[in-house]
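In case you want the letters, here they are:
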Amino acid sequence: MTKTLHFKNTTISYTDQGKGTAVVLLHGFLENKKMWGTFIPEWSKKFRIITIDLLGHGETECMGYVHSMENNADVVHEVLSDLRLRKAILVGHSMGGYVALAFAELYPDVVKGLVLLNSTSRADSDERKTNRDRAIKAVKQSFQNFISLSISNLFSEENRDRLSDAIENVKKEALKTPLQGIVASLEGMKIRMDREVLLHLTPYPKLLVLGKKDPVLNYEETKEQIEDTQVQLLSFSDGHMSHIENQEAVQSALLQFFKSI
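## A few points about the overall build of the chain
(1) Moving on: Check the secondary structure of the chain and you find 12 helices and 8 strands.
(2) Moving on: In terms of overall size, the chain behaves like a compact globule, its C-alpha atoms giving a radius of gyration of 17 Å where 261 residues would be expected to give roughly 18 Å.
(3) Moving on: Overall, the chain is about 45 × 40 × 35 Å in size when its C-alpha atoms are taken along their principal axes.
(4) Moving on: Out of the 261 residues in the chain, the part that is buried amounts to 56%.
(5) Moving on: Accessible surface, the chain as shown: approximately 11,800 Å² in total, 47% of it carbon and sulfur.
(6) Moving on: Put simply, the chain has 32 plus and 34 minus side-chain charges, and the middle of one group is 5 Å from the middle of the other.

Printed below as a string of structure tokens:
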């Protein structure tokens, strides 16, 4: 099921299931392609579902000391080229959304549709950049503490007990991420470009999924980005992990979105 390819001396791991329009699923920071496991059986009945481990995550190796969103977008393009796919719908969770936007800028003709799941088109604010530097220090000092706190904080407080098993599973997968992969991704996210213009000017269908109590992304500020655009909005009253906190609703809403394209 899992396939690999080599790109710039780096092993890239991905999966490819089903037939039909290609849908590329991109995980977030500290996640990997396994995060999509619950969705693939349903979605792959009607679509060709491709999941990719981004640089320094899952079974994909690190490519250096900074993994820019553009580096990751090139990895995604390499996988699609390997599969001889000319068009795809992209779905990105959090950091995966930043990668999807970088891809949309670099390879506009390949994008058939775009879903930003708990993600933003805006660059890091100065405050967020400072927090990334703090995170780099924290993870170097205490890897396990950093992971444990980082993951718990992504869920809304109300869901932390209800979803304790799922949260433990996310932590377990996150702990497999090598230190270099974590630091390189933090550095890459810190320097990413603002791509809000893509939400306004690109012709393909777009969907933004947000949590009203997302501790990472301010709901009102993130929602502002799609004012006067054709971007669809799906809001939940929970945190940053809509694919877990609102699993069934996300599964059916995204399936409808794919079918509408």
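Here the narrative resumes, following the displayed structure.
## Considerations on a nonpolar patch on the surface
(1) Moving on: Taken together, the side chains of Tyr65, Val66 and Ile191 present a nonpolar region at the surface, about 360 Å² in accessible area.
(2) Moving on: Looking at the secondary structure, you find Tyr65 in the loop between β4 (48-52) and α2 (69-82).
(3) Moving on: By relative accessible area, Tyr65 is classed as exposed at 68%.

## Notes on the packing of helix α5 (residues 143-152) against helix α7 (residues 164-174)
(1) Moving on: Viewed as axis vectors pointing N to C, α5 and α7 meet at an angle of 140°, and their least axial separation amounts to 10 Å. Classified by the angle their axes make, α5 and α7 are oblique. In this structure, the crossing between α5 and α7 has a hand that is right-handed. When α5 is examined against α7, the residues Ile147, Ser148, Ile151 and Ser152 are found in contact with a partner set consisting of Ile167, Val170, Lys171 and Ala174.
(2) Moving on: A breakdown of the residues in the contact of α5 with α7 according to their chemical character gives 5 nonpolar, 2 polar and 1 charged.

What counts, and where the lines are drawn
Residues numbered from 1 in each chain as written. Predicted model: local features only at pLDDT ≥ 70, side-chain atom pairs only at ≥ 80, totals over all residues. Heavy atoms only, no water. Helix = DSSP H or I, 4+ residues; strand = E, 2+ residues; numbered from the N terminus. Rg over C-alpha atoms; globule rule 2.2 N^0.38 Å. Buried < 20%, exposed > 50% of the residue type's maximum accessible area, 1.4 Å probe, protein only. Areas by Shrake-Rupley, 256 points an atom, 1.4 Å probe, with all protein chains shown as cover. Lys, Arg positive; Asp, Glu negative; His and termini not counted. Charge placed at Lys NZ, Arg CZ, Asp CG, Glu CD. Patch = residues over 30% accessible without salt bridge, like charges linked within 9 Å, V, L, I, M, F, W, Y side chains within 5 Å. Salt bridge = Lys/Arg side-chain N within 4 Å of Asp/Glu carboxyl O. Axes fitted to C-alpha atoms, helices over the stretch in contact; angles between N-to-C directions. Parallel < 35°, antiparallel > 145°, perpendicular 65-115°, else oblique. Left-handed = near helix turned anticlockwise from the far one by under 90°. Contact = heavy atoms within 4.5 Å. Nonpolar A, V, L, I, M, F, W, Y, C, P; charged D, E, K, R; others polar.

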